[in-house]
Protein chains: 2
Amino acid sequence: MAIRFTLLEGGAAGPRLGRLETPHGAFDTPVFMPVGTQATVKSVSPAELYQVGVDIILANTYHLYLRPGPEIIAAAGGLHGFMRWDGSILTDSGGFQVFSLAALRDLDDDGVTFRSHIDGSAHRFTPEKVIAIEEALGADIIMPLDDCPPHPAERSRIEAAVERTVRWLERAVRARERADQALFGIVQGGVLADLRAQCARAVTSLDLEGYAIGGLSVGESFEEMTATLAATAPLLPVDRPRYLMGVGTPDYIVEAVARGIDMFDCVMPTRMARNGTVFVPGGRLVLRHARYADDLEPLDPGCDCPACAGGFSRAYLRHLIRAREVLGLRLTTIHNLRFLTRFMEDLRASIAEGRFESFRRSVLARFRRPGGEDHHEAGGS
Amino acid sequence: MAIRFTLLEGGAAGPRLGRLETPHGAFDTPVFMPVGTQATVKSVSPAELYQVGVDIILANTYHLYLRPGPEIIAAAGGLHGFMRWDGSILTDSGGFQVFSLAALRDLDDDGVTFRSHIDGSAHRFTPEKVIAIEEALGADIIMPLDDCPPHPAERSRIEAAVERTVRWLERAVRARERADQALFGIVQGGVLADLRAQCARAVTSLDLEGYAIGGLSVGESFEEMTATLAATAPLLPVDRPRYLMGVGTPDYIVEAVARGIDMFDCVMPTRMARNGTVFVPGGRLVLRHARYADDLEPLDPGCDCPACAGGFSRAYLRHLIRAREVLGLRLTTIHNLRFLTRFMEDLRASIAEGRFESFRRSVLARFRRPGGEDHHEAGGS
């Protein structure tokens, strides 16, 4: 096995505590994975990621395939060597980006043909091709090409996506040449519980090292998402990590953890930071508001991130964000990353100490916002 | 005196070694000052500036007056507190930016009226107003409002600029309220030696703490610039620091040091870094060139900057620059800053060891490029 997962607390449903070991380190779950689309978590150095407690990041196969190309990354020793990050890495399959970013995509049962969003050049992804790219990229955990239909979609379209996702997974399994990477299976099925169950049965029959729930946070309601999670997670093997793709703000995380999820990724915390919105214990702080123009407090006096501990004031950060200065988004990004690593520490402690329900209520009171449409957006970080 | 300058070697002309003490530290001259237009050296944190050996930075009064405004900066303890930089700071007068960036400027003998390049709002700078702004910003060294005509200009226009610059300097001196900042006088006069001499006589008669040569690197030829420096620098008091405004690439620096200049600032090293061009011992390296696509060497194997010592390859940096990733310009910027601080160390050592002329020839062979038009560009960093 390329990875080792130890379930420390919890079971098939409800909050779980675990430990995941990869060839590049061990860390506790539930875990949040910052997104490093183009082999960099936007604006942040690897040293800074270590500093704020990040253990694993996600990189986007679609983007890295197009630029700089898998050969260049492989020659540099894979993503770890290329970007000088010795922590763990997960690569997605690129399928989601093909459907959300690329032009003129053409889906068939064998794969998907598309044009680059960068230069319009024509390309084709098949399950085998994606595995070859991900083996060149060399992440610790890799995802198979799947068919992720938009929401809403006809039942027949979702049925087709489930069948295709399962067939493509079987082809991905056969195409693998490296044994030092963990391949996760992806469960599709929209918000239809019977199709989720059908897909989960087929995918888990392949005995993979982990399982992902895809096709959520694509426009469905918060209630549809949580209901789908509640119906799907218990069908996954209790002793394998479960990864909810594209979700990662505090409110969504606690609700997914409550339903048995172990791993998360999301561009929102870093993207909103670049626009000047940061997480603080009370909720979200929008730096552009005029009230912060002369506010000499740090973002969060209790935070130990380089922005807060460094004494940079809200007034200064607001100035930098308004003036479009890179240092501004660097500091807000590193703050939000530290907020989330500490949030996950607190979440795990609440499970270990038997007070997850009160933690969950507190999080929802501070971070729940109407609508769930701002999460899994198109096209990487 | 707000600052103390000790001339350690050299005289009225030719290369000099000195030591400059300000309320925020002491450092050797000749010195290069990175430009931090909007209270940040673009993309770099104060901790990183310390790390690569920067002692003093320049900030732009025009930009900071417009945004966030001097009141907010003063309330934060001045620029040092606002941007959390404990090293030395010099602020320019804003005059150059008014003439290069602002719209609808209207110059008269009392001051200059202009419209903000940000929102079109109307503003007026007078010598007194600029001193008040710079006292609120609280830099260690401040510059008076001057009249910097374009190049080329009629002799009568340059004569008027010299007269106005001197009159405005006298008003600036009278307007000062703080004693803990050093005010430098600016010598104008275009490339006309007699007007430079006339201006130098008038400006130095005021017995200021330092002197600047303005109005160069605005489009004149390399030869015109060096001839003007050779004619002007010897007219300045030997025991005061001399600052050549807006100049700061290796070839220009050695030629100006050869003519008795002690202080430099320039946006080029950081601006070219953001475009992917870096200084290496052999000259300039343009990362966008295809030859670096799979080059796994660092920018300069002998460099101790965070980019080179961190093991980031040319291939990775090229990828980041092409993908417009912030980490790319962060790393190229910090590399160029470290290159320049080490370049100044080497330059000072060559003077101390009596081998400046061979150092100078070596620099010109590697860094001299035809045309001198890419230096003092419009509008800050």
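Residues numbered from 1 in each chain as written. Chains lettered and ligands numbered in written order. Predicted model: local features only at pLDDT ≥ 70, side-chain atom pairs only at ≥ 80, totals over all residues.

A.B. asks: Could you give me a rundown of the domain arrangement of chain A, with the residues and numbers involved?
C.D. replies: Residues and elements named next belong to chain A. Entries for chain A in the domain assignment read domain 1 (4-267) and domain 2 (273-367). Its C-alpha centre places domain 1 at a distance of 27 Å from the equivalent point of domain 2. Listed per partner, the contact involves 21 residues of domain 1 and 22 residues of domain 2. Of the residues contributing to the side of domain 1 that touches domain 2, the split by class is 13 nonpolar, three polar and five charged. (Domains from an automatic or database assignment. Contact = placed C-beta atoms within 7 Å. Nonpolar A, V, L, I, M, F, W, Y, C, P; charged D, E, K, R; others polar.)

A.B. asks: So what's going on with the pairing of strand β6 (residues 88-91) of chain B? Which residues, and what values?
C.D. replies: All names here are of chain B. Burial along β6 is two-sided: Ser88 and Leu90 and Ile89 and Thr91, pointing in opposite directions, are all buried. Judged from the four bridges that link them, strand β5 (residues 56-59) and β6 form a sheet pairing that is parallel. In the strand pairing of β6, Ile57 is matched with Ile89. Relative to strand β10 (residues 141-142), β6 runs parallel, the two sharing two bridges. For Thr91, the partnering residue across the bridge sits in β10 and is Ile142. (Buried ≥ 20, exposed ≤ 12 C-beta atoms within 10 Å, placed from the backbone. Helix = DSSP H or I, 4+ residues; strand = E, 2+ residues; numbered from the N terminus. Pairing = 2+ DSSP bridges.)

A.B. asks: So what's going on with helix α15 (residues 356-367) of chain B? Which residues, and what values?
C.D. replies: For α15(B), spanning twelve residues, the distance from its first C-alpha to its last is 16 Å, which sits close to the expected 16 Å at 1.5 Å a residue. Those residues of α15(B) that are buried lie in contact with α10 (250-257) and α14 (326-352) of chain B. (Expected span 1.5 Å × (residues − 1).)

A.B. asks: Report on the interface of chain B and chain A, specifying residues and quantitative values.
C.D. replies: Many descriptions give the size of an interface as the accessible area lost when the pieces come together. Each partner contributes residues to the interface: chain B has 30 residues there, and chain A has 30 residues. Among the elements of the structure, α3 (70-75), α4 (78-83), α13 (314-322) and α14 of chain B are those that each provide at least two residues to the side of chain B that touches chain A. Among the elements that make up the side of chain B that touches chain A, the one with the highest residue count is α13(B) (five residues). Across the side of chain B that touches chain A, the residue classes break down as 16 nonpolar, eight polar and six charged.

A.B. asks: Summarise unusual backbone geometry; cite the residues concerned and give the values.
C.D. replies: For the peptide bond that leads from A:His151 to A:Pro152, omega is -5°, which places it in the cis range. The residue A:Pro152 is located in the loop between β10 (141-142) and α7 (155-175) in this model. Omega for the peptide link from B:Arg67 to B:Pro68 comes to 10°, which places this bond in the cis form. Note on placement: B:Pro68 falls in the loop between α2 (61-66) and α3. Phi is positive for B:Ser43, close to 85°, though the residue is something other than glycine. With respect to the helices, strands and loops of the structure, B:Ser43 is situated in the loop between β4 (31-33) and α1 (46-51).

A.B. asks: Help me get a handle on the relation of the copies chain B and chain A, residues and values and all.
C.D. replies: Overlay of chain B on chain A (RMSD 0.0 Å): rotation 180°, translation along the axis 0.0 Å. When the rotation and shift are considered jointly, the pair of chain copies conforms to a two-fold rotation axis. Rotation axis and chain B: the residue whose C-alpha lies nearest the axis is B:Val326, separated from it by 3.7 Å. (Least-squares fit on C-alpha atoms with pLDDT ≥ 70 in both.)

A.B. asks: Break down α7(A) for me, with residues and values.
C.D. replies: Residue and element names in this part refer to chain A. Taking 1.5 Å of rise per residue, 21 residues should cover 30 Å, and α7 covers 30 Å from first to last C-alpha, within 8% of that figure. Within the span of α7, buried status applies to Ile158, Ala161, Val162, Arg164, Thr165, Val166, Trp168, Leu169 and Ala172. Buried residues along α7 sit in contact with α6 (127-137), β11 (182-187) and α8 (193-204).

A.B. asks: Can you break down the environment of B:Ala256 residue by residue, with the values?
C.D. replies: Residues and elements named next belong to chain B. Relative to the helices and strands, Ala256 resides in helix α10. Along the sequence, Ala256 and Leu244 sit twelve residues apart, while their C-alpha atoms lie 7.9 Å from each other. Ignoring any residue separated from it by four or fewer positions in sequence, one finds Ala256 in contact with Leu229, Leu244, Val247 and Ile261.

A.B. asks: Quick rundown of the sheet that holds strand β2 (residues 17-22) of chain A? Include the residues and the values.
C.D. replies: What holds strands together in a sheet is hydrogen bonding between their backbones, with the strands either parallel or antiparallel. All names here are of chain A. Spatial strand order, β1-β2-β3: three strands in an open sheet with antiparallel pairing. Both edges of this open sheet fall to β1 (4-9) and β3 (25-29), since each of them pairs with a single strand only. Taken pair by pair, the neighbouring strands of this sheet meet at an average axis angle of 15°, ignoring direction. Across five bridges, β1 lies against β2 in antiparallel orientation. Counted as the bridge partner of Arg4 is Glu21 from β2. Against the sheet, helix α14 (residues 326-352) touches β1, β2 and β3, its axis set at about 130° to β2. (Axes fitted to C-alpha atoms, helices over the stretch in contact; angles between N-to-C directions.)

A.B. asks: Summarise the packing of α10(B) against α15(B); cite the residues concerned and give the values.
C.D. replies: All names here are of chain B. Contact geometry for α10 and α15: axes closest at 9 Å, N-to-C directions at 150°. If you check the angle between α10 and α15, you find them roughly antiparallel. Taken as a pair, α10 and α15 cross one another with a handedness that is left-handed. Contacts between α10 and α15 involve Pro250, Asp251 and Val254 from the former and Arg360, Val363, Leu364 and Phe367 from the latter. Its residues assigned to classes, the contact of α10 with α15 comprises five nonpolar, no polar and two charged. (Parallel < 35°, antiparallel > 145°, perpendicular 65-115°, else oblique. Left-handed = near helix turned anticlockwise from the far one by under 90°.)

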